[in-house]
Amino acid sequence: MKIAELFYSLQGEGALVGVPSVFIRTTGCNLRCRWCDTPYTSWQPEGVELALPQILDEVRAHPARHVVVTGGEPMILADVVPLTERLRALGLHITIETAGTVFRPVACDLMSISPKLANSTPSGPWAAQHDRLRIQPDTLLELMGRYRYQLKFVIEKPGDLEEVRLLLEMLRADRERVILMPEGIDREGLRERSVWLAEICKEEGFRFSPRLHVDLYGNQRGV
Ligand code: SF4
């Protein structure tokens, strides 16, 4: 399985923010978000081939009870199914971070789905494929129906909320599981967006998520 990075840190986003976790970051993605914060897994995918036992040894080397399988888009890889089954056999809590465009019958305790809004569409040759794939209602419903889930949206401007509301209505999503995060890869940009986004969350009953890893470590790999 091609892995971009494997590291121990704190979960930086979502309902489990702050929980010590081992991150397994696969490489490769079917989308190309304009503001992707891990371009080394999408625009220029990098990584090394690791066998399942090597990955499990690395996970076991850390004291965490939580493991996060992220990307890139881990759900495009068939090997994610045996990987999650083996992680479950270790008794770990498994979060999968996905854009929700592909379904696989993984073992998972929290399906962290981050559907990509129109603000993610790049210009150039990837635009058409990205826009065609970014919202897959049937896949989103299947993931939400089969797993405990959270829906995380990256918000760049207040106008993005219109698309969020429409999508939630279509999915009949539980608002308590909806989390809004500011777009940004530096502390200053996140701070500026957090101020108005927090007010939107208060008005509309959504949960706000910081991006703790950026606050703590800045825009770095392996954190
Ligand atoms: S889905 Fe995630 S990994 Fe893929 S391009 Fe978008 S932000 Fe990057």
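Residues numbered from 1 in each chain as written. Predicted model: local features only at pLDDT ≥ 70, side-chain atom pairs only at ≥ 80, totals over all residues. Heavy atoms only, no water.

A short note on the site of the ligand
In step 1: Residues in close proximity to the ligand include Cys29, Leu31, Arg32, Cys33, Cys36, Thr38, Thr41, Ser42, Gly72 and Lys116, which together make up its full environment.
In step 2: In a pocket analysis with a 2 Å cut-off to the grid points, the ligand is assigned to the largest pocket.
In step 3: Grouping the amino acids of the shell around the ligand by side-chain chemistry returns four nonpolar, four polar and two charged. (Near = heavy atom within 4 Å. 1 Å grid on protein atoms, 1.4 Å probe; cavity = no way out; pocket = protein on both sides within 12 Å on 5 of 7 lines; lining within 4 Å. Sits in = over half its atoms within 2 Å of the grid points. Nonpolar A, V, L, I, M, F, W, Y, C, P; charged D, E, K, R; others polar.)

Quick word on the side chain of Ser194
In step 1: Positionally, Ser194 belongs in helix H6 (residues 187–204).
In step 2: With a relative accessible area of 17%, Ser194 lands in the buried category.
In step 3: Once you skip the residues sitting within four places of it in the chain, Ser194 turns out to touch Pro182 and Phe208. (Helix = DSSP H or I, 4+ residues; strand = E, 2+ residues; numbered from the N terminus. Buried < 20%, exposed > 50% of the residue type's maximum accessible area, 1.4 Å probe, protein only. Contact = heavy atoms within 4.5 Å.)

Quick look at the packing of aromatic side chains
Each pair of aromatic rings is reported with the distance of its centres and the angle of its planes.
In step 1: Applying the stated rule across the entire model yields one aromatic pair.
In step 2: Ring centres 5.1 Å apart and planes at 5° place the aromatic pair Phe7 and Phe23 in the stacked group. Of this pair, Phe7 sits in strand E1 (residues 2–10) while Phe23 sits in strand E2 (residues 20–26), and the two are 16 residues apart along the sequence.
In step 3: Positioned over the ring face of Trp126 is Arg32, at 3.8 Å from the centre of the ring.
In step 4: For the cation-ring pair, Arg177 lies above Tyr149, with the distance from its terminal atom to the ring centre recorded as 4.5 Å. (Phe/Tyr/Trp six-rings, centres within 6.5 Å; stacked < 30°, edge-to-face > 60°. Lys NZ or Arg CZ within 6 Å of the ring centre and 35° of its normal.)

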